[in-house]
Amino acid sequence: MSYFIDRRANAKHKSAVNRQRFLDRYRTHIKRSVEEAVNRRSITDMERGEKVSIPSRDISEPVFQHGPGGKRSIVTPGNKEFSEGDRLRRPGGGSGAGGAGEGGASDQGEGMDEFAFTLSREEFLDFVFDGLELPNLERKALVDLDEVRPVRAGVSRDGVPARINIVRSMREAYARRIAMRAPIRRALREAREALEAEERKDPVLRNPSRISELKEEIERLEKRLESVPYIDTYDLRYNNLINQPQPSSKAVMFCVMDVSGSMTQAHKDIAKRFFLLLYLFLERNYEKVELVFVRHHTAAKEVDEEEFFYSRETGGTIVSSALSLVDDIVTKRYPPGQWNLYVAQASDGDNWDDDSVTCRDLLIKKLMPRLQYFTYVEITPHAHQALWEEYEGVAAEFPERFAMRQIVEAGDIYPVFRELFKRRITGN
Amino acid sequence: MTRRKPIATGSDWNFETLTEFEREIARLADEYRLDTYPNQIEIITTEQMMDAYASVGMPVGYHHWSFGKQFLAVEQAYRRGQMGLAYELVINSDPCIAYLMEENTLMMQVLVMAHACYGHNSFFKGNYLFRTWTDATSIIDYLVFARKYIAECEQRHGVTAVEQLLDACHALQNYGVDRYKRPSPISAAEESRRQKEREEYLQAQVNTLWRTIPTPSSHELLTSDADEEDPLGLHAGGRYPAEPQENLLYFIEKNAPLLAPWQREVVRIVRKLAQYFYPQRQTQVMNEGWATFWHYTLMNRLYDEGLVDEGLILEFLQSHTAVVNQPAFDSPWYNGINPYALGFAIFTDLKRLCENPTEEDREWFPDTAGSDWRETFEFAMRNFKDESFIQQFLSPKVIRDLKLFMVVDDDQEEMLEVAAIHNERGYHRVREALSTQYALSVREPNIQIYSANIRGDRSLTLRHVQDSRRPLARSVYPVIRHLHQLWGFPVHLESVEDDEVVRRYQWPLPDEARQA
């Protein structure tokens, strides 16, 4: 006797728990691989999984086994030229013969040296961002929120026909019908009984007027019973929706970069990686992330991504031009009540002499109060200049929301990024 | 010649055609008197199949990282295309559960049904090891119990604590088997009820064993033929345990001094599951050979009766040929002896020598040659395991066909020696050696509990009876470290050859080794 069961609709990923346990157990190994991968890969490449290898000995499950040595006999198939008594050199030298002769005896004996497996994209990014926290991730406080979302809130007596709750309405109607008909029914029953009692009487004793009275009464009651409406506007119930203020799940990230002559393509590549890391990071935390690219030399301009990273400009540098452009864009397009605002700035530290102070004032007075976070990376092996010093003043003013670091080469990006967004254990 | 009226053509399948094929296979199997459990055939997706592989095919299992590792390995292999996920998943239970993968072709589904639902299934039901060691009716219940119990422990004692305990138990699970006693059948409800009782009883027993400083009775003191070292007879109680114990996990469960009751229960669960898999480890060649023989026979019968078309049977033959392929030892694809190939070759030859015996067969198998093949098959399937099956039924013809030869590897000799090949002088020796190669007692080091020092430092001593000077692999240290975690006191392991201790291991390591 046999029967078939179609299990395809059942949950897959039954091993998800076990898989997760494995990843947790070898967290440090995996993290090392992931960090290497991040440094090695181009960051546009981040959106895929990663092959991870762990030395087999680190994850072996030991059991008692025979080691090499001693005397044993092995039976193998495929003899071509050997005769009894032939002597052979040990293959591979030493005790390597074991590998060939184990037969079905041990499939662990000749395991690979590396246990390799693939992390899914999600798992990979989890490891990349492991231990990182988005600065001021507590979504924008509810008070200054303009964004609302309708949510279900029970049922109400009025509303539009499209939102009629049929089940509740019918139930109300049913209850009302029972309630309204009960007294009529009772009266009807009594009248009928009375009529019957009257009719059973001896014809001599009957009261004809009473009988016709009762018949009229019955007729009247039956009409009333019929006239109880099946459903009444009074019964209707509507699904009630109310508008609830929503924490904003949208973020906009401003990428600000110096494209003056002193920024080489290498500088830009480093900056690009930094921006992309930040973008990926935001993308995991907000439903929607918009990007605004602002580049500047002596004047700032909003551009698309391609132009941002790859077109060359020359000339001097006025950083404040970019900051005021960002401020304009925020005012026009991204009211802070609805958007979480992030600014990431990359530069080689050059700036027009007097401009650094302007930048500082602009930041402290106008920009910082509206931003979620501001990061500044300076890509230079050289000593800091005026801009850095002024920014230090801003950082002192907004220690929670302003971060700045120096990057010398590509390999620094990831550690710097991690440091910038390190989960704050103390503080809040 | 039969006119071909195939049940279905092409490679697509649906439930109607599967049901019809299943019915035909059942009819043919019945003709061959294959006795099976009812079949529960489950259609699953690729991911579900990988899940099933990762949990050794158990439909329910407790959680442990090692299954996750298994899953990742399977997934990796599957993605690279190194491994087909088709043949092999059938669970020794009643009803017998077999998996068909959604994306398989019609041929593959029919083949898997013949192979698993009638081949393996009848083997599970008939073979003496499975009959003795496993209880097909209760295994699913027990798995459910085990999963629930371990999940509860995780909640109560933390995932890490349970994980470490399971790690330690897994390291010893091959030594968690009673080789000579038959376990009693149990179900989940029964098990839950008994588990409570057991907890109390067990703990009480352990307490007695470790109770206090032993007090020798007074008359023992008086009559003592006291030896100089031990005038008070404190060590006169003899060794504990009195006989060496082969079931390490059982001994731990019953005697480890410091384990909490729930920990003993977890040890027991691992031990019970190891016991369930014990027959499979010893009947690989037979079981696969049997199932392969039957799928081959049944598929050919389907073709003979015109129930499948030429396309399907050609596809089948290609797949079957790949399965029973045995690369030679010097081939880059060589990966040990293929149990499908060896088992199929022996069974096929067994049928031949029943039906058309040669002179040689009559000499080698005087009782079997010319007998009713179906009865001989039944006898062979029921009463043997790989070791004895090869010893009994490996014929000279199969040795010649596979060109088996025997090499002696002695680390005291510089060269390997070809000790026997497929000729008159060699058949017996090759057969003997191959049989030994499949003996569990030779494959796995023979290690037993020798003594527990219950009157002194509570250390535990194990003995490894060394065979032909074959030492233990280096994994011995992590394993005795796990054993030490379970036992709670120092663990010693002695390798003994010819009653002489040749090597000692211990955990914790002695101080000087640790500093070095």
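Reading guide: rules and limits
Residues numbered from 1 in each chain as written. Chains lettered and ligands numbered in written order. Predicted model: local features only at pLDDT ≥ 70, side-chain atom pairs only at ≥ 80, totals over all residues. UniProt positions renumbered as here; feature names shortened; annotations may be inferred. Helix = DSSP H or I, 4+ residues; strand = E, 2+ residues; numbered from the N terminus. Buried ≥ 20, exposed ≤ 12 C-beta atoms within 10 Å, placed from the backbone. Contact = placed C-beta atoms within 7 Å. Expected span 1.5 Å × (residues − 1). Domains from an automatic or database assignment. Pairing = 2+ DSSP bridges. Axes fitted to C-alpha atoms, helices over the stretch in contact; angles between N-to-C directions. Parallel < 35°, antiparallel > 145°, perpendicular 65-115°, else oblique. Left-handed = near helix turned anticlockwise from the far one by under 90°. Nonpolar A, V, L, I, M, F, W, Y, C, P; charged D, E, K, R; others polar. pLDDT = per-residue confidence, 0-100. Arc of directions from axis to C-beta. Core = buried A, V, L, I, M, F, W, Y, C linked by C-beta atoms within 7 Å. Right-handed = clockwise from strand over helix to strand, strands pointing away.

By the naming in an unreviewed UniProt entry, chain B is SpoVR family protein, taken from Halomonas urumqiensis.

Under an unreviewed UniProt entry, chain A has the name UPF0229 protein C1H70_11110 and belongs to Halomonas urumqiensis. Listed under Sequence similarities (unreviewed entry) in UniProt, the entry text for chain A is "Belongs to the UPF0229 family."

Trainee: What is the right way to look at the overall build of chain B in this model?
Mentor: Across its full length, chain B carries 22 helices and 9 strands. The buried share of chain B, reckoned over its 516 residues, is 44%.

Trainee: Teacher, can you tell me more about the overall build of chain A here?
Mentor: Secondary structure summary: chain A contains 13 helices and 13 strands in total. The buried share of chain A, taken over its 428 residues, is 30%. Counting only contacts in chain A whose residues sit at least 6 apart along the sequence, the fraction spanning at least 24 positions is 82%.

Trainee: Which parts of the structure should I look at to understand helix H3 (residues 65-79) of chain B?
Mentor: Since the α-helix turns once every 3.6 residues, residues separated by three or four places project in the same direction. Here H3(B) contains 15 residues, and its C-alpha end-to-end distance of 21 Å stays within 8% of the 21 Å for a straight helix at 1.5 Å per residue. All of the buried residues in H3(B) are B:Trp65, B:Phe67, B:Gly68, B:Lys69, B:Gln70, B:Phe71, B:Leu72, B:Val74 and B:Glu75. Buried positions along H3(B) lie against helix H1 (16-25), helix H3 (56-59) and strand E5 (114-119) of chain A together with helix H2 (46-54) and helix H7 (159-171) of chain B.

Trainee: Would you mind going over the domain arrangement of chain B with me for this structure?
Mentor: Much of the literature gives interface size as the accessible area that the parts lose upon coming together. Domain assignment breaks chain B into domain 1 (15-127) and domain 2 (324-441). Put simply, the middle of domain 1 of chain B and the middle of domain 2 of chain B, counted by C-alpha atoms, are 28 Å apart.

Trainee: For this particular structure, what's the right way to read the UniProt feature "domain: SpoVR-like C-terminal" (unreviewed entry) in chain B?
Mentor: Annotation from UniProt places "domain: SpoVR-like C-terminal" (unreviewed entry) at residues 445-497 of chain B. For the annotated span residues 445-497 of chain B, helix accounts for 23% and strand for 38% of the residues, and the straight-line distance between the end C-alpha atoms is 12 Å.

Trainee: Please clarify how the sheet that holds strand E1 (residues 39-44) of chain B should be interpreted in this entry.
Mentor: Two pairing modes exist for strands in a sheet, parallel and antiparallel, and in both the strands are linked by backbone hydrogen bonds. Pairing within the open sheet is mixed, and its 4 strands lie in the order E1(A)-E1(B)-E3(B)-E2(B). At either end of the open sheet lies a strand with only one pairing partner, and these are strand E1 (2-6) of chain A together with strand E2 (90-91) of chain B. With 6 bridges joining them, E1(B) and strand E3 (residues 96-101) of chain B adopt parallel strand pairing. The partner of B:Gln40 across the bridge, within E3(B), is B:Ile97. Along the sheet face, helix H4 (residues 106-126) of chain B touches E1 of chain A together with E1, E2 and E3 of chain B and points at about 160° away from the line of E3(B).

Trainee: Help me understand the packing of helix H1 (residues 15-31) of chain B against H4(B) in this model?
Mentor: Each pair of packed helices can be summarised by the angle the axes make with each other and by the distance between the axes. Residue and element names in this part refer to chain B. Two elements in contact, H1 and H4, have axes separated by 10 Å at closest approach and are oriented at 40°. By the criterion of interaxial angle, the relationship of H1 to H4 is oblique. Regarding H1 and H4, the two cross each other, and that crossing is right-handed. Residue-level contacts link Thr 17, Leu 18, Phe 21, Glu 22, Ile 25 and Ala 29 of H1 to Leu 106, Gln 109, Val 110, Met 113, Ala 114 and Tyr 118 of H4. Here the contact of H1 with H4 is composed, by residue class, of 9 nonpolar, 2 polar and 1 charged.

Trainee: Before we go on, may I ask you to explain the interface of chain A and chain B in this structure?
Mentor: On the side of chain B, 81 residues touch chain A, which itself brings 59 residues to the contact. For the side of chain A that touches chain B, a count of residues per class yields 20 nonpolar, 22 polar and 17 charged. Relative to strand E4 (residues 405-410) of chain B, strand E3 (residues 71-76) of chain A runs antiparallel, the two being bridged by 6 bridges. Opposite A:Ile74, over in E4(B), you have B:Val407 as the bridge partner.

Trainee: How should the confidence of the model for chain A be read in this particular structure?
Mentor: Residues and elements named next belong to chain A. Looking at chain A as a whole, its pLDDT mean stands at 79, while 86% of the residues score no less than 70. Overall, residues 93-112 carries pLDDT values under 50, and its contacts beyond four positions in sequence, including any with other chains, amount to 33 contacts. Throughout residues 137-144 the model reports pLDDT below 50, and contacts reaching past four residues in sequence, or to other chains, amount to 10 contacts.

Trainee: It is not clear to me how the environment of A:Pro369 should be interpreted in this structure. Could you clarify?
Mentor: All names here are of chain A. Residue placement: Pro 369 occurs in the loop between helix H11 (355-367) and strand E12 (373-379). Note on Pro 369: 11 C-beta atoms within 10 Å, which makes it exposed. Note: C-alpha distance between Pro 369 and Glu 122 (247 residues apart in sequence) is 34 Å.

Trainee: Would you mind showing me how to read the domain arrangement of chain A here?
Mentor: Along its sequence, chain A is carved into domain 1 (14-60 + 114-130), domain 2 (161-240) and domain 3 (250-420). Of note, the centres of domain 2 of chain A and domain 3 of chain A, computed from C-alpha atoms alone, are 79 Å apart.

Trainee: Before we go on, may I ask you to explain the packing of H11(A) against helix H12 (residues 386-397) of chain A in this structure?
Mentor: Residues and elements named next belong to chain A. For the pair H11 and H12, the least separation of the axes is 8 Å and the interaxial angle reads 20°. As summarised for this structure, H11 and H12 are arranged roughly parallel, according to the angle between their axes. Relative to H12, the crossing made by H11 is right-handed. Contact residues: Ser 356, Val 357, Cys 359, Arg 360, Leu 363 and Ile 364 in H11; Ala 386, Leu 387, Glu 390, Gly 393, Val 394 and Glu 397 in H12. Here the residues of the contact of H11 with H12 sort into 7 nonpolar, 2 polar and 3 charged.

Trainee: I tried to follow H11(A) on my own but got confused; where do I start?
Mentor: Residue and element names in this part refer to chain A. Along H11, the residues that are buried comprise Asp 355, Ser 356, Cys 359, Arg 360, Leu 362, Leu 363 and Leu 367. The arc that holds the buried residues of H11, viewed along the axis, is 165°, so those residues lie on one side. Of the surrounding secondary structure, the elements contacted by the buried residues of H11 are helix H10 (319-333) and H12.

Trainee: Which parts of the structure should I look at to understand the sheet that holds strand E8 (residues 491-497) of chain B?
Mentor: Residue and element names in this part refer to chain B. One open sheet holds the 4 strands; their spatial order is E6-E7-E8-E9, and the pairing between them is mixed. A single partner strand is all that each edge strand has here, and the edge strands are strand E6 (446-452) and strand E9 (500-507). Taken pair by pair, the neighbouring strands of this sheet meet at an average axis angle of 25°, ignoring direction. Taken together, the 6 bridges between E6 and strand E7 (residues 460-465) define a ladder with antiparallel strand orientation. By the bridge assignment for E7, Ile 447 is matched with His 464. Sheet contacts for helix H21 (residues 476-487): E7, E8 and E9; angle to E9, the most-contacted strand, approximately 60°.

Trainee: What is the right way to look at unusual backbone geometry in this model?
Mentor: Negative phi values dominate among residues other than glycine, just as trans dominates among peptide bonds. All names here are of chain B. Cis geometry is adopted by the peptide bond preceding Pro 95, which originates at Asp 94 and carries an omega value of 5°. Relative to the assigned elements, Pro 95 resides in the loop between E2 and E3. Of note, the amide linkage connecting Trp 507 to Pro 508 takes the cis form, showing an omega dihedral of 0°. Phi is positive for Arg 33, close to 60°, though the residue is something other than glycine. Positive phi, close to 50°, is recorded for Asp 498, a residue that is not glycine. Mapped onto the elements of the fold, Asp 498 is located in the loop between E8 and E9.

Trainee: What is the right way to look at the nonpolar core in this model?
Mentor: Most often, soluble globular proteins keep nonpolar side chains buried together rather than apart. Judged by nonpolar contacts, the single largest core of 165 residues is most densely connected at B:Ala98, B:Val266 and B:Val430. Per element, the largest residue contribution to this core is 13 residues, and it comes from H4(B). Contacts of B:Val430, omitting those with residues within four sequence positions, involve A:Val75, B:Ile399, B:Leu404, B:Phe405, B:Met406, B:Ala420 and B:His422. Formed by 58 residues, the second largest nonpolar core is a distinct cluster that contains A:Phe254, A:Phe274, A:Ile318 and A:Leu341.

Trainee: Even after reading the chapter, I still don't get the pairing of E7(B), so can you show me in this structure?
Mentor: Strand residues, when the strand is regular, have side chains that alternate between the two faces of the sheet. Residues and elements named next belong to chain B. Alternating residues of E7 divide into Leu 460, Leu 462 and His 464, all buried, and Thr 461, Arg 463 and Val 465, none buried. Pairing between E7 and E8: 6 bridges, direction parallel. Bridged to Thr 461 within E8 is His 492. Running through H21, the crossover from E7 to the neighbouring parallel element E8 is right-handed.

Trainee: Please clarify how the environment of B:Arg198 should be interpreted in this entry.
Mentor: All names here are of chain B. You can see Arg 198 is positioned in helix H8 (residues 188-209). Classification of Arg 198 as partly exposed rests on a count of 16 C-beta atoms within 10 Å. Between the C-alpha atom of Arg 198 and that of Phe 124, which follows or precedes it by 74 residues, the distance is 30 Å.

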